[in-house]
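So you can see what is in the structure, the chains are spelled out below.
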Amino acid sequence: MELLMDESRYEKLKEIIKIYLPEDVSVDAISSESHFINELNINSANLVDIVLDVEDAFDIILENEDMDQMQTVSDALQIIETKISDKA
């Protein structure tokens, strides 16, 4: 069951990220190991937008240090998981 939950969060996160992908990056390029800036070419302004969307979508609050640690899709998922379990 937990794997399913993680999978749905991953899909939800991908839906958020794909809105901000530049035209030269395909949605298929998004993997759990994708680096937001280096691989997906997401600029820092869009990264802030992703963070705001993640907060809304998952009903969590991300601190500045969370944003600093959010380098890859996997990092983001880890932070989301931690924030959700801290709330429970």
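Being a predicted model, the structure only gives us computed values, none of them experimental.

Participant: Got a minute to help me understand helix α4 (residues 73-87) in this structure?
Facilitator: Compared with the 21 Å implied by 1.5 Å per residue over 15 residues, the 21 Å span of α4 between its first and last C-alpha is a close match. Buried residues of α4: Val73, Ala76, Leu77, Ile79, Ile80 and Lys83, and no others. One side of α4 carries all its buried residues, which in axial view fall inside an arc of 165°. Among the exposed residues of α4, those oriented more than 90 degrees off its buried face are Gln78 and Asp86.

Participant: For this particular structure, what's the right way to read the side chain of Ser34?
Facilitator: By the secondary structure assignment, Ser34 is in the loop between α1 (2-19) and α2 (44-58). Using a relative accessible area of 1% as the deciding quantity, one classes Ser34 as buried. Residues within four places of Ser34 in sequence aside, it is in contact with Ala29, Glu39, Leu40, Gln71, Thr72 and Val73.

What counts, and at which threshold
Residues numbered from 1 in each chain as written. Predicted model: local features only at pLDDT ≥ 70, side-chain atom pairs only at ≥ 80, totals over all residues. Heavy atoms only, no water. Helix = DSSP H or I, 4+ residues; strand = E, 2+ residues; numbered from the N terminus. Expected span 1.5 Å × (residues − 1). Buried < 20%, exposed > 50% of the residue type's maximum accessible area, 1.4 Å probe, protein only. Arc of directions from axis to C-beta. Contact = heavy atoms within 4.5 Å.

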